[in-house]
Amino acid sequence: MKNKKLVAVGVAVLAVLLVIFGIVWYINRPATSGGAKTITVEVVHKDESKKTFTCKTNEERLAPVLVAEGIIEDDPAETGMFFVVDGEKTVYEEDQSYWAIYQNGEYAQLGVNDLPIQDGDSISLVYTVYTGG
C-alpha cells in the first residue's frame, strides 16, 4: 500500500512539473512578428555556389515562406533538415549531409517550421556535411 501511495505522489509531482515546464516554455518561446516583412534567403550549395532570394511575406515562421517562394520543395514538417533546397537534396545516409540554417549569421536553434522571422532577417541555408564531434 505504501508503494502505491509513493507511485501516485510521484505521478502527481511529475504532472505538475510538466505543466510548469509547459508554461515556462510558452512564456519564453521565440517571439514572432505579424505584418509585412522582407527577408533575404541565401542558399549555399554543395559546390559552394550561392543564390540569393528576396522574400516579401506576412508569415511569422520561415517554412511557409520557403515553400511559397519555391525555395524548398519538400514538406519540412515531414523531412526535418533533409528537404530539397533550390533543386538540391541532402541525403544523410549517403554523405551525412543536411541543410544548416543560419539566421542573421548565427546557427539557428530551431528548424524551419518553428523559426520565427522578423523584418530584415537574413537567412542562410547551407549544404553541410556532418564531420563528427
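Scroll up a little and you will see the structure.
Criteria and cut-off values
Residues numbered from 1 in each chain as written. Predicted model: local features only at pLDDT ≥ 70, side-chain atom pairs only at ≥ 80, totals over all residues. Heavy atoms only, no water. Patch = residues over 30% accessible without salt bridge, like charges linked within 9 Å, V, L, I, M, F, W, Y side chains within 5 Å. Areas by Shrake-Rupley, 256 points an atom, 1.4 Å probe, with all protein chains shown as cover. Salt bridge = Lys/Arg side-chain N within 4 Å of Asp/Glu carboxyl O. Helix = DSSP H or I, 4+ residues; strand = E, 2+ residues; numbered from the N terminus. Pairing = 2+ DSSP bridges.

Novice: What is the right way to look at a nonpolar patch on the surface in this model?
Specialist: On the surface, Val9, Val13, Val16, Leu17, Ile20, Phe21 and Val24 cluster together into a nonpolar patch covering about 610 Å² of accessible area. Locating valine 24 in the fold gives a position in helix α1 (residues 2–28).

Novice: Got a minute to help me understand the pairing of strand β1 (residues 37–44) in this structure?
Specialist: Both β1 and strand β2 (residues 50–57) contribute to a ladder of 8 bridges, which runs antiparallel. Counted as the bridge partner of glutamate 42 is threonine 52 from β2. Taking the residues between adjacent antiparallel strands as the criterion, β1 and β2 are bridged by 5 residues, where glutamate 48 takes a positive phi near 70°. Relative to strand β7 (residues 122–129), β1 runs parallel, the two sharing 5 bridges. Each bridged residue has a counterpart across the sheet, and for valine 44 the counterpart in β7 is valine 126.

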